[in-house]
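Now for the letters of each chain:
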Amino acid sequence: MFRSVRDRGATVRTRVQYDRPVFSNPSGRRWKYIRAVLLLVLVLVLAFVAIAVPRITTSPALAGEPTPEGPSLAAIGDEPPVIGAGPLTRIVRVLPAGAAVYAQDPFDGQVLAELSPRDVGQADGAEYVIQRYGYSATATKTIALTFDDGPDPFWTPELLDLLSKYQVPATFFVTGEQMAKNPDIMKRLVREGFQLGNHTTTHVDINEATGFRQEAELAFADRIMRAETGEYASFFRLPYEGDDIESIQGDAPGILRAQQLGYVVASHDFDTLDWAYASGERTGEIPMPPFDRMDNITMLLHDGGGHSRAKTLEYVEDLIVQARDRGYTFHTMGQVQPDIAQRSGTAEVTLTDRAALAVAQVMFVLPSGLLQGLFVLALVTMIGLGVFNTVLALVRAWVVRRRTARTPNSSRPGVSVLIAAFNEEMVISRTIEYVLASTYPVHEIIVVDDGSTDGTAAMVRDIAATDRRVRLISQKNGGKWAALNRGFAAVTQPFVVTLDADTLFTPETVTELMGGFRSPRVGAVAGVIKVGNFSRNVITRWQALEYLTQIGVERSAAALLNGVMVIPGACAAWRKSAVLQAGGYSDATLAEDCDLTLMLHQYGWQVEQAEKAIAYTEAPETLDALLKQRVRWMFGTLQAVWRHRNMMLRPRYGWLGMLMMPMAVVTILVPLVFTPFITVVVFQMLAKQGILHVLLYFGLFSAIYGVMAAVALYLMKERPAHLLMVPLYRLIYEPLRAYLLYASLGTALRGVRLGWNKLARTANMDAIATKPNVVAPLPVEPNIVAPVPASTNVVQQVQVRA
């Protein structure tokens, strides 16, 4: 339906029409489908957890048998006697039988061995003791090299090369996490005949873990080994274990639990403490074992664990030479310890084992690879795009200076100023006064009062009574886009400058904006918005820096490529004919300025930026107000990009379609998908590597952003004090962006219509200290106040018929 609106002798055709908001779903059907799918996925995940987790965390060493009952730790005692000698440990019940005394398994009651009189004396009448044992009766002058905490991606291959060079076998106690991360090394270990042992999944202290965690740590590592190598090793070494009596007694909880789960517990005879020499806790040379006092020796070393193992490699080479000179031979633990030999071999890999390996890869491999990928992506994004945008911004500044010096724009076409206002009585008078002080001849200032319930209209009438350039148009509340369309229908000049009701112009702002129309193909010019109340608190100072970098670098770079996506309505100049051709403002998005800018591009218009067209705006001063504003901005931008998705990767739209819009999508999708993973990885880094590594990453990205900010301040001629916010910038930006993205995604999926959430004005403004002098009004026609007819309760979308 078309209707004519006459204003000041000009007739434009308008059509009463609502555009359906992007993502809206009034019926709610889409959200019901999404919830149903999410519920189905949740049920499937819970079903997998309920079925798979108990299987994965059940000890395969029990071969399907139930976990046997046994003595409690209280029955064992805090300091059970330690008897015997050897590299294996077990808790046994002392069983007297006539003149003999036997060691009995505390779980199945099997008699294991007869105790020697020395062992009986050391037991000292205790019911339970920890027995050390292990070597075969025929073993003599043997050395079993054992290496913990691997496989390490660098040091383990180096060690294997050394051992292979000297034809020395060894036993490697590996963790499930490192197995999942280094499958090729695991395959090499098996291929070259080295023996594998279980060292838990995450190198946790088994003595301090819960019962479930204890079984899960051993069983998970066992199954990973089976799935990855086809071998099993039902023997286990406790992390952090020692070979002195006090340490062995302290390991009683872990020893007892491992036995209960079907594992033989391995220890050692000689601890090299190579980890302490690697970390610098000890100095000098790693000591050799006392060859003259030890016949069979099981040695504890490390091929993983985080420190350099160069000293360990040097030590192993010296040890091999010295030991062989003394007549020792090298073996795996299984070759000289029968219980180990009986608990290792070829495994029948089950579906549960493969599921455990898949879970381990998701837990341990994916986060690490994801971190590396995200780190590279972040570096490319920040450094690559940062350098790209910074260089383009500097080039554009040079181009603008040369262009202005050569061909100053001296033409002064007629300009109308348009302000949409809703409940702006605190700021509207001040805003109009600053516009009236413009050095550029402003023909008219039209304020469209969008159904205000305060004194906004009265304030405008008071000014209009003293300056006939000011005109008031009143209408029922229909939204900012409706008020702007009503204003465009009423303006009389070929160019229209728009600003928000709280925005303050400098005397040169309109002049600089109009200077951007150097070509008849320029449809709109963006000004530079700065935070006027930046000194209020941290939130406003953060926004001030954000505005400077995004406008001074990013939008300047886009302007050089005719790729500006947003002409902000708070400080902009428009060619009226271009806006009318594009159909005016739409209610399809909450980012009506972004939507209109992209529509201008679709119609072939160029958009420019005027770096000297400065305007000061009132930024939110509280977190709540900031979140409301930014949710609207983010959601509106998503709507606009989705509405104009046909422009992406289309050469006809130049750099905008081929680079700027795709990059905008990437900067939305990447954090949307990967933020949960990044959060998990950061916490993992804090737990495993400490806060220093996190701070190093944070410092690197802050330094990169600091360079961009410095360039922006240089281009915008702003004070260096803004750089003090650089260290805090990412701390505020990243959580805020994550919240905004997920809030916007949730709103889009639900299909609800998001409200405007208008910012409550405070009238705080500290960027402009002095009140400007109002420029004398030019002769204009009589002031007209044109209210919209009462029957119109929707907004007109301006259209032009050829």
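Residues numbered from 1 in each chain as written. Predicted model: local features only at pLDDT ≥ 70, side-chain atom pairs only at ≥ 80, totals over all residues. Heavy atoms only, no water.

## Comments concerning the pattern of salt bridges
Under the convention used in this document: Salt bridge criterion: a side-chain nitrogen from Lys or Arg within 4 Å of a carboxyl oxygen from Asp or Glu. Secondary structure follows DSSP: runs of H or I at least 4 residues long count as helices, runs of E at least 2 residues long count as strands, and numbering of each begins at the N terminus. A simple rule labels every residue: compare its accessible area, found with a 1.4 Å probe on the protein chains alone, to the largest value its type can have, and call it buried under 20%, exposed over 50%, or partly exposed in between.
The final tally for this structure, using the stated rule, is 28 salt bridges. In this structure, Arg93 and Glu127 form a salt bridge, with 3.4 Å as the shortest nitrogen-oxygen distance. Taken together, the positions of Arg93 in strand S4 (residues 88–97) and Glu127 in the loop between helix H3 (117–123) and strand S7 (128–133) put the pair 34 residues apart, joining distant regions of the chain. For Arg93, a relative accessible area of 27% translates into the label partly exposed. In this structure, Arg643 engages Asp595 in a salt bridge whose closest nitrogen and oxygen atoms are separated by 2.7 Å. A residue pair is termed long-range when its members are at least 10 positions apart, and Arg643 in helix H22 (residues 623–643) and Asp595 in helix H21 (residues 592–602) qualify at 48 residues. One continuous salt-bridge network, built from bridges that share partners, spans Asp148, Arg237 and Glu241.

## Some points on helix H7 (residues 211–229)
To be explicit about the condition: The span expected for a helix works out to 1.5 Å for each residue beyond the first.
The end-to-end C-alpha distance of H7, which contains 19 residues, comes to 27 Å, matching closely the 27 Å that a straight helix rising 1.5 Å per residue would cover. Of all 19 residues in H7, 16 are buried; the element is thus mostly enclosed. Once H7 finishes, Gly230 follows within two positions and takes phi at roughly 75°, a positive value.

## Remarks on unusual backbone geometry
The omega angle of the peptide bond from Gly150 to Pro151 is 0°, so this bond is cis rather than trans. Phi at Asp124 is positive, roughly 55°, even though this residue is not glycine. Note that Asp124 resides in the loop between H3 and S7.

## Structural notes on the confidence of the model for the protein chain
Basically, it comes down to this: Per residue, pLDDT captures the predictor's confidence, and it can take any value from 0 to 100. Working rule for contacts: check all heavy atoms of both residues, and any pair within 4.5 Å makes them a contact.
Overall, the prediction assigns the protein chain a mean pLDDT of 89, with 92% of residues at 70 or greater. Of the regions scoring below 50 in pLDDT, residues 1–17 engages in 45 contacts with residues more than four places distant in sequence or in other chains. Contacts for the low-pLDDT stretch residues 778–802, under 50 throughout, to residues beyond four places or in other chains number 58 contacts.

## Notes on the sheet that holds strand S22 (residues 504–505)
By way of backbone hydrogen bonds, the strands of a sheet pair with one another, either parallel or antiparallel. For clarity, the threshold we go by: If DSSP finds at least two bridges between two strands, the strands pair. The convention used is that axes are lines fitted to C-alpha atoms, helices contributing only their stretch in contact, and that angles between N-to-C directions extend from 0 to 180 degrees.
Taken together, the eight strands give an open sheet; going across it, the order is S20-S19-S18-S21-S24-S23-S25-S22, and neighbouring strands pair in mixed fashion. At either end of the open sheet lies a strand with only one pairing partner, and these are strand S20 (470–475) and S22. Where strand S18 (residues 415–421) meets strand S19 (residues 444–450), six bridges bridge the pair, whose relative direction is parallel. Bridging across to S19, Ser416 finds its partner in Glu444. Against the sheet, helix H19 (residues 538–560) contacts strand S23 (522–531) and strand S25 (606–617), and its axis sits at roughly 155° relative to S23. In this fold H21 packs onto S23, strand S24 (571–575) and S25, with an angle of close to 35° to the strand it touches most, S24.

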